[in-house]
Each structure stands twice: as structure tokens, then as C-alpha cells.
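What follows is each chain in one-letter form.
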Number of protein chains: 4
Amino acid sequence: MKAGERRERVIAHARTDILDAAIRAFARTGLHGTTVQDIAREAGYTAASLYTYFKSKQEIVDAMSNLLTEEYVQVFDQAVPAGLTFHQRFELVLHRHLELVEKRKNVFVTLFGEDSGGGLCGPDGHGKTFHTNFERRIAVLAEWFHRNARPEDIGGNDPKIIARLLFGMAFGLLHEMRDNLQQGSFVNYAPILTEFFFHGVSSKLKPGVRKK
Amino acid sequence: MKAGERRERVIAHARTDILDAAIRAFARTGLHGTTVQDIAREAGYTAASLYTYFKSKQEIVDAMSNLLTEEYVQVFDQAVPAGLTFHQRFELVLHRHLELVEKRKNVFVTLFGEDSGGGLCGPDGHGKTFHTNFERRIAVLAEWFHRNARPEDIGGNDPKIIARLLFGMAFGLLHEMRDNLQQGSFVNYAPILTEFFFHGVSSKLKPGVRKK
Amino acid sequence: MKAGERRERVIAHARTDILDAAIRAFARTGLHGTTVQDIAREAGYTAASLYTYFKSKQEIVDAMSNLLTEEYVQVFDQAVPAGLTFHQRFELVLHRHLELVEKRKNVFVTLFGEDSGGGLCGPDGHGKTFHTNFERRIAVLAEWFHRNARPEDIGGNDPKIIARLLFGMAFGLLHEMRDNLQQGSFVNYAPILTEFFFHGVSSKLKPGVRKK
Amino acid sequence: MKAGERRERVIAHARTDILDAAIRAFARTGLHGTTVQDIAREAGYTAASLYTYFKSKQEIVDAMSNLLTEEYVQVFDQAVPAGLTFHQRFELVLHRHLELVEKRKNVFVTLFGEDSGGGLCGPDGHGKTFHTNFERRIAVLAEWFHRNARPEDIGGNDPKIIARLLFGMAFGLLHEMRDNLQQGSFVNYAPILTEFFFHGVSSKLKPGVRKK
DNA sequence: AATGAATGAGTATTCATTCAT
DNA sequence: TATGAATGAATACTCATTCAT
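Residues numbered from 1 in each chain as written. Chains lettered and ligands numbered in written order. Predicted model: local features only at pLDDT ≥ 70, side-chain atom pairs only at ≥ 80, totals over all residues. Heavy atoms only, no water.

1. Some words on the overall build of chain A
Along its length, chain A carries nine helices and zero strands. Counting from the amino terminus, chain A carries its helices and strands in the arrangement α-α-α-α-α-α-α-α-α. Counting only residues that meet the buried cut, chain A has 52% of its 212 residues in that class. Look at the contacts in chain A between residues 6 or more apart in sequence, and 66% of them connect residues 24 or more apart. Of the roughly 10,100 Å² of accessible surface on chain A, 53% is carried by carbon and sulfur atoms. (Helix = DSSP H or I, 4+ residues; strand = E, 2+ residues; numbered from the N terminus. Buried < 20%, exposed > 50% of the residue type's maximum accessible area, 1.4 Å probe, protein only. Contact = heavy atoms within 4.5 Å. Areas by Shrake-Rupley, 256 points an atom, 1.4 Å probe, with all protein chains shown as cover.)

2. Observations concerning the protein's contact with DNA strand E
The environment of DNA strand E is formed by 27 residues, the closest being Ser49(A), Tyr53(A), Ser49(C), Tyr53(C) and Tyr51(D). A distance of 2.5 Å separates a phosphate oxygen of DNA strand E from a polar side-chain atom of Tyr53(A). Within the side chain of Tyr51(B), one N or O atom sits 2.8 Å away from a phosphate oxygen of DNA strand E. Of all the elements in the fold, those that place two or more residues in the surface near DNA strand E are helix H1 (2–33) and helix H3 (47–53) of chain A, helix H3 (47–53) of chain B, helix H3 (47–53) of chain C together with helix H3 (47–53) of chain D. When residues in the surface near DNA strand E are grouped by element, the largest group, four residues, is from H3(C). (Near = heavy atom within 4 Å. Polar contact = N/O pair within 3.5 Å; in protein donor to acceptor, adjacent residues only side chain to side chain.)

3. Some thoughts on the pattern of salt bridges
Residues and elements named next belong to chain A. Applying the stated criterion across every chain yields a total of 44 salt bridges over all chains. In this structure, the salt-bridge partner of arginine 41 is aspartate 38, at a minimum N-O distance of 3.2 Å. Pair noted here: arginine 41 and aspartate 38 are both in helix H2 (residues 36–43), with a separation of three residues, about one helical turn. Look at arginine 41 and you get exposed, because its relative accessible area is 58%. Owing to a relative accessible area of 21%, aspartate 38 belongs among the partly exposed residues under this scheme. (Salt bridge = Lys/Arg side-chain N within 4 Å of Asp/Glu carboxyl O.)

4. Considerations on the packing of aromatic side chains
This model, assessed by the stated rule, comprises 78 aromatic pairs over all chains. The interplanar angle of 75° and the centroid separation of 6.1 Å between the aromatic rings of Phe134(C) and Phe171(D) together place this pair among those described as edge-to-face. Placement of Phe134(C) in helix H6 (residues 129–148) and of Phe171(D) in helix H7 (residues 159–176) is noted, with the two residues assigned to different chains. Residue class for Phe134(C) comes out buried when judged on its relative accessible area of 1%. Relative accessible area serves as the criterion here: at 4%, Phe171(D) is assigned to the buried category. (Phe/Tyr/Trp six-rings, centres within 6.5 Å; stacked < 30°, edge-to-face > 60°.)

5. A closer look at the protein's contact with DNA strand F
For DNA strand F, the set of nearby residues contains 26 residues, the closest of which are Ser49(B), Tyr53(B), Lys57(C), Ser49(D) and Tyr53(D). Atoms of DNA strand F within 4 Å of the protein belong to the sugar or the phosphate in 78% of instances, the rest to bases. Those elements that provide at least two residues to the surface near DNA strand F are H3 of chain A, H3 of chain B, H3 of chain C together with helix H1 (2–33) and H3 of chain D. When grouped by side-chain class, the residues that make up the surface near DNA strand F number 13 nonpolar, 10 polar and three charged. (Nonpolar A, V, L, I, M, F, W, Y, C, P; charged D, E, K, R; others polar.)

6. Some thoughts on the side chain of His175(A)
With respect to the helices and strands, the residue His175(A) is situated in helix H7 (residues 159–176). Accessibility expressed as a relative area gives 7% for His175(A), which makes it buried. Every residue in contact with His175(A), bar those within four places of it in the chain, is listed here: His131(B), Phe134(B), Glu135(B) and Arg164(B).

7. Section: the nonpolar core
Counting 85 residues, the largest nonpolar core has Phe145(C), Phe197(C), Phe145(D) and Phe197(D) as its most contacted members. Setting aside chain neighbours within four positions, we find Phe145(C) in contact with Phe86(C), Phe90(C), Ile154(C), Pro159(C), Ile162(C), Ala163(C), Leu166(C) and Phe197(C). Among the nonpolar cores identified, the runner-up in size contains 84 residues, and Tyr72(A), Val109(A), Ala142(A) and Ile154(A) belong to it. (Core = buried A, V, L, I, M, F, W, Y, C linked by side-chain atoms within 4.5 Å.)

8. A word on the domain arrangement of chain A
All names here are of chain A. Domain boundaries in chain A define domain 1 (1–54) and domain 2 (57–211). Contact residues are listed per partner, giving 16 residues for domain 1 and 16 residues for domain 2. Run the count over domain 1 and domain 2 and you get zero salt bridges. Put simply, domain 1 and domain 2 have two residue pairs in polar contact (both at pLDDT 80 or more) between them. No other element matches the 10 residues that H1 contributes to the side of domain 1 that touches domain 2. In the side of domain 1 that touches domain 2, the residues fall into 11 nonpolar, three polar and two charged. (Domains from an automatic or database assignment.)

9. Focus on H7(A)
Residues and elements named next belong to chain A. In a regular helix each residue adds 1.5 Å, so 18 residues correspond to 26 Å; H7 covers 26 Å between its end C-alpha atoms and thus fits that length. Among the 18 residues of H7, 16 are classified as buried, and the element is accordingly described as predominantly covered. Put simply, aspartate 158 is the residue that caps the front of H7, since its side-chain oxygen is 2.9 Å from the backbone nitrogen of lysine 160. (Expected span 1.5 Å × (residues − 1).)

10. Re H2(A)
All names here are of chain A. For H2, every residue scored as buried is listed here: Val36, Ile39, Ala40 and Ala43. Seen from one end, H2 has its buried residues packed into an arc of 100°, which puts them on one side. Those residues of H2 that are buried lie in contact with H1, H3 and helix H4 (57–75). Just downstream of H2 lies glycine 44, where phi reads positive at about 80°. (Arc of directions from axis to C-beta.)

11. Things to note about the environment of Ala21(B)
All names here are of chain B. When you line up the elements, alanine 21 lands in helix H1 (residues 2–29). Relative accessible area serves as the criterion here: at 0%, alanine 21 is assigned to the buried category. Separated by 17 residues in sequence, alanine 21 and aspartate 38 place their C-alpha atoms 9.0 Å apart.

12. As for the environment of Val140(D)
Residue and element names in this part refer to chain D. Its place among the elements puts valine 140 in helix H6 (residues 129–148). Spatially, the C-alpha atoms of valine 140 and lysine 160 are 9.4 Å apart, while their sequence positions differ by 20 residues. The contact partners of valine 140, leaving out residues within four places of it in the chain, are Val73 and Phe76.

13. Regarding the packing of H7(A) against helix H8 (residues 190–199) of chain A
Residue and element names in this part refer to chain A. Interhelical geometry of H7 versus H8 gives an angle of 145° and a closest axis separation of 11 Å. Where H7 crosses over H8, the handedness of that crossing is right-handed. For the pair formed by H7 and H8, the contact residues are Ile162, Leu166, Met169, Ala170 and Leu173 on the first element and Leu193, Phe196 and Phe197 on the second. Residue composition of the contact of H7 with H8, grouped by class: eight nonpolar, no polar and no charged. (Axes fitted to C-alpha atoms, helices over the stretch in contact; angles between N-to-C directions. Left-handed = near helix turned anticlockwise from the far one by under 90°.)

14. Details of the confidence of the model for chain A
In low-pLDDT segments, the atomic positions of the prediction should not be examined closely. Residue and element names in this part refer to chain A. Averaged over all residues, the pLDDT of chain A equals 85, while 83% of them reach at least 70. Scored below 50 in pLDDT, residues 115–126 makes 35 contacts in the model with residues more than four places away or belonging to other chains. Per-residue pLDDT stays below 50 along residues 207–212; that stretch engages in six contacts with residues further than four places along the chain or on separate chains. (pLDDT = per-residue confidence, 0-100.)

15. Some details on the environment of Leu100(D)
Structurally, Leu100(D) is set in helix H5 (residues 86–111). Taking the relative accessible area as the measure of exposure, Leu100(D) reaches 15% and is therefore buried.

Following this line, the structure appears as C-alpha cells:
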């Protein structure tokens, strides 16, 4: 039925709107600092209305978390031209990722800079949301290395370790953004990250960098 | 006055005890998940008593945060034998750091896996505690690079960037610990980090690593 | 108007359906435990639709309450053969009542085991529904005694008191049903109630009872 | 230590005060109609303070319920002069009970006129508090009959049934109080109940009653 | 007539913090 | 100094009810 379809789309749309609002709200005041009312206000609803679309605040958090992870994962599904070297593919994918991070940097910083349940998470597993996300992203990245890099491409290292190192580097750079979100495009870090990834600090100095 | 001194020492001791308890408590249940009561119980006080030594929960958090940062900073103050190459000094300091991380693993993971006030921190500056800590460590590390590395030692890159990358890598590795804190010594990552830091994935494969 | 009549009948039918559903729902989860949605679901409507037929939840409750009372009252309107002794009439009517209780056992237990507004009822008179019902039944019963029993038939007592005692006894027996609704027919209590009503514990022991 | 004892007594006293307040509040507005704030106000506390003494509203309800049952049970523990006939003992105990009911009639009516969870109680057993109480009282009463009445004293009937009938009768009389709590002493019903219990409506008319 | 969606009002519970003893 | 007790403020969630479609 058309009606049924349309309704579903309307609901999906509302959920998306709410999630977007939640992302903005969380990015601004953090997971704990943001009340359901805050999200509702940001989304143009009343708090009670959110419960039409989500069962609980936690479900909103989870949905948002999944949404962001999903975006991340999808970068790996995008087509990559054939015949590229590992180095080229690396640059391409890295670039795409940095663009995504650029888009989401506000939340990104929040998401990985806060946790809803506390460090090691209570014994109930509550609050592991973002830790899980963090790890899932690393896992996906590791998988990509596994499929795209020959052992010698990554120095014979375990792809998981490599993924962890790369992701960590990006996180370290991203963390700077906390103070000055407005300025500077995150994509600009692509060359540095690439160079460092492949050669560490022993990279042959390139003109542009050397002058710095 | 003798009495005055003694009292001060007693107070300082109590503060230390409380901070230690707080560290354990926070490591277990996170910043939000830990109540003042929890800290008090862990310290052998009642909640009300903590207010004799600290003005607020936030002050406890801050003091703990500073304590941890101070530990970190002191690693750089330890004597380093003269005549070492940059590479050697790097390894030495890295090793010391990893040992420290090892010791504080639990809190460390918590501290940087959660935030007390939320992502970008409310306009009141509340919750910036750990972000500040994160950044301060990076700053200290950058400073160390600045003083200990010639430009060519770090590929002509900005020490701040290098510091951020290195710190990020360590963070990436550390994050794994969340799931399995008990097993594996964090110090074992020293060779990998060193190798990656200097040569990225292009390191000449060493026998031990190659076999992996 | 034919149309008008039909519409009225449709409306009346819907109201009946809803009340039946409400009875089932209330019997299952009680007055407070049952939401308007629950009733609607049970009736095959949406919650909003119920407001086409009833002004409020309270009105549903009241209507249901009245319905049940009405059923009860009608037992007294049923024909009773002429020439029966008081004892015989008593047994007949009691039997009919127990059958009714049997049928409504579930709700009955619920109705008198819970109240919608609280004990003595707020000053707004809210929640008196079932109290009123309780009392109305007793009143009807008292009235029946008044019309059917000579003073000496009921020991010269006030019919109202007698009605209250009898109704209370039945209630006491009924309350047991809360735990085991499925088993045992309530009608089986008729002889015991009758015997006790007429002779208290001083009844001449009948064989069947004595053996128990 | 004296201090420890005194504190315990203070706490016990506070709990008692709160329970008394709760009883008054519940008697006035019912279980659902009474908020934690209401109880607190009645007890001279703030709502938050109640949680120093009780874990939850439900715990208050349970404690009150137990308190009332306990009072009831204790009536049976009071000494009864030796050498009394069953009839005499019955009258004595009945009288004591009616006095107790008199004292608690407000709540009593509420307690058994409302239920916190709904009729048959959710599958979680929640809300059975008062049903359980009802049944426990009957059980205690039945036990008393079992120990104090020879089979022929109660017409060879099952003590449980007899207890249920008696308790029901009292309940029926009590229910009248809902409307006019102020007037009339419940104890006045003792003769009627006794007479009815022993002889049903067939009691030999006594002067006082006959005139009514 | 039926309903999806929206909401106002209400509630139990938590927790950092204060203060008299 | 230590603390038991008290509390204000905050928050997620529920539900009867309304209304545009």
C-alpha cells in the first residue's frame, strides 16, 4: 500500500531528524549533559514525542552511534579504481575518511571523548556503546588492510595493530579540534598521515613540509 | 609551628588517600558512574567527610587528573644518560612512559574514554578536565621533541604534530585494553611503536616481526 | 429516522464491544495497570478511537461498573416460582448470583480488589466507582430481603445488616479465587453459604459436611 | 555502644513516623493517589529524605502492610483466661479485633479497597501486597479456629472456610464505614457478628435486636 | 468514523552538597 | 574532624487526552 509506505517514510524521516538533532545536541553538551528535553527542543518536538520514535534515550544514543559507524563502514564499500597501488588506494580511502570525519567532527570528538557508562563499563555492559564503536571501526579498518595490503605493504605487521595505530593517529589529530573546531580542514592532514604511515619520521623531507 | 606542619601533613595525606581511592573508583565505574559516596566508601570515609578535603566532586576529579598528568610529566624529568642518539633517547623515554601507562592502565582507559561534562564542553568550561589533560600531555611530549630532536630527526615535521601522532598511536593501542585489562603487558608494544614511529610500515622487516 | 436508529445501534454495539474488552483487560491487569491503549488493543481499536464512544477512561470504568451492577440487579428481576418458602427463595436467588459471580469471577476479583482513586476517595469523588458499586449491590440485596423476608426470617435483624453480612461472606470466599481462578466452581459454595446463613456454625451436622 | 543503639532507635522512630504518615496519607488518597511527596509532607520530611529510611515507595507500602498485619496477628498472641468456653473465647478475640479495626479503620478500608498492581496482579507478582495480607489474616484466623475450636464448635466445617466467612462478614460491615467514618463504633457490631456467627439468622431474637 | 502523531502534566528516584552535633 | 541526616535540583519516562487528516 502506498499509505503504508508513505507512513514508514515519514517515520523514518522523523527518526532521522531526531537523530540529527541528537547529534547536534550531544556534540554540544555531551552524552550526559544532554537531556531528552534538549534533544527534543533541538528537533522541534516535546520530550514525550521522542518516545513515539525511540523507546528510550539509550536507544537514541545507540541509533546515533550505529548511524555514525555505518557511515564509516560505507566508505569502504565505495568503488576504488582498479590497478591502483596499495599506496594509492590507501591515500584514496584515507582521503574519503578524513572528509567524513570533517563532516562529523563535532560529534566525533564527543563520541570518543565521552562514554555513557564509565570506563570499564558496569558489569551489565551498559555504556559500552562507544567503546564498541571505536573497536568496530578499527576492526573494519583492519579488515581492509587484510584484504588490500600484502604483508610487505604493511611491514609484515598484524593488520589489526596497524589499523589501531593509524586510527589512533587520526584520533590524536582530531582531538586538537576540540578547541578550535571552526578553523582548519581536517582533510589537510592527509599528506602528513600518509607520509607518516608509510615512513614514520624518516620520510624524505618534502619541500612543503621541510619549510614548516 | 610544628602543629601547623603536622596538620598540613595529615591533610595532605588524607587528600592523597582520597585521590587514590577516587582513582580506583573511577577506574572501575567511570566518572559519571562513580558517586561521591563510592569514592568515600573506597577511601574509608563518609561522603560528607570528603568535603573537608575537597570543595566538590569536580575538585577531586581535577586533582586526580592533575596528579596523573604530573606523573606523566615527571617521566621527562628523569635523568637520561648523556651521549645517546635520538633514537636511543626516544626508546628510553617511550619505555618509561609505557611502564607508567601500564601502572595506570585502568584509569587511563577510563579517563580518556569518558568525559565528565560532555564533548565540546559547555560554555562554562565544565568537563574540560580530561581534554585539557590530553592536550597537556601532548604539549609536554611536543616540548620534549622540540628539545631533544633535531628537525631531521623527526622528518622536518612540527613537533606538535609528531607528538600528537605518537600519543594517538599509543592511545589506539591502549584502547584495546578496555576489553582485556588483565592480560598482556603494555610495555610489549614498545618495539612496534618505535619501529613504526621511525619508519612507518616501511620498516625493514626484522626476523621477529616478519614471522608474525 | 432509519439512519439515525441504525447509527445509534452501531454506536451502542461499539460501546458494548469496548466495555467487554475493558472488562477483559481490567480483569487481567487491574484498573491502574490497564492503559487506554490496552483496552483499545483488546477491543480492536486504537486508543484515540475510544474517545469517539467514551469521554474518558473514567467513563469507561463507570460504564463497565454500571454494566456489572446491572447484571447483578437483574438477577432479582428474574421470575421466582410462587409458593416457595423464604429458605427456598433464598437458595434460588443465591444460586443465580453465584452463577453470575462465576461468570464474572475474573473481573469481580479485580473490581473489588482495587480502586481507581484510593481509599476514601479524594474530595473530588474520584475513585468511588467501585465503592458505590459495592454499596449498591448491598442495597439491592437489602431491598430484596426487605421484600422477601419477614422479620422472623432474618432473626429480626436489619435487612441492611444481613445483606452486608451475606455479601461479605461471599466476598471472603471469592477472594480466595485470586490465586486459583481456574479451578473450582464458585457455585459449589452455595450449600455452605446457605447453611451458614441460616444457622451459623450451629447447623445440625449433615453427613456430607461432617466427614470433611 | 550506647551511641549505636540510640541511633538505631532514632532510625526506627523515624521509620515509624514515616509509616504512620504513610498510613494517614494512603487512607486519605489511596495507594496510587498518594505520591512520595505526599507522604513526605505528611511526615514532615522532603521526598528525598524518605529514601534515607526506605528504599522505594513500594518498600514503604510493604512495611506498612506488614505493620498492619503484624498488629492483627498479635491479637492472637494476647493471653486468654483459662476455662472459657469456645463461645466466650470467640467473643473475647472478636472484640479485640474489632477494637483494632476501629483504630485502623481508615487505612483498613483503603488497604482492602485498593490494590497497587491490579486485580490478578501482573505476572511479576507485583501488587500482591494486600491480597497477600488479606489471605494471611484469614490464614491466621483459620489457624486460631483450628486450635481453639473442636469440630462440633464450628459445625464440622473446614476452619479455613469458617475463617473466610467470618472475615468476609467483618469486611462487609467495615465497608460501610467508607462513607461515614466518623460516626459509630465498629465494636458495636460485636454482638451481631457473634450471634450471626453462631446461629445465622435463626438466632433467638434478643430484646435489643428485635426492636431494631 | 478512525487514527497517527503530539503533548502536558505528573512521578519516582538519584546525587552532590550542607550543616548541626 | 567526622558524620548522620536532610534536601534542592534535576531527569527519564508514562499516559490520558486532543486534533488534523
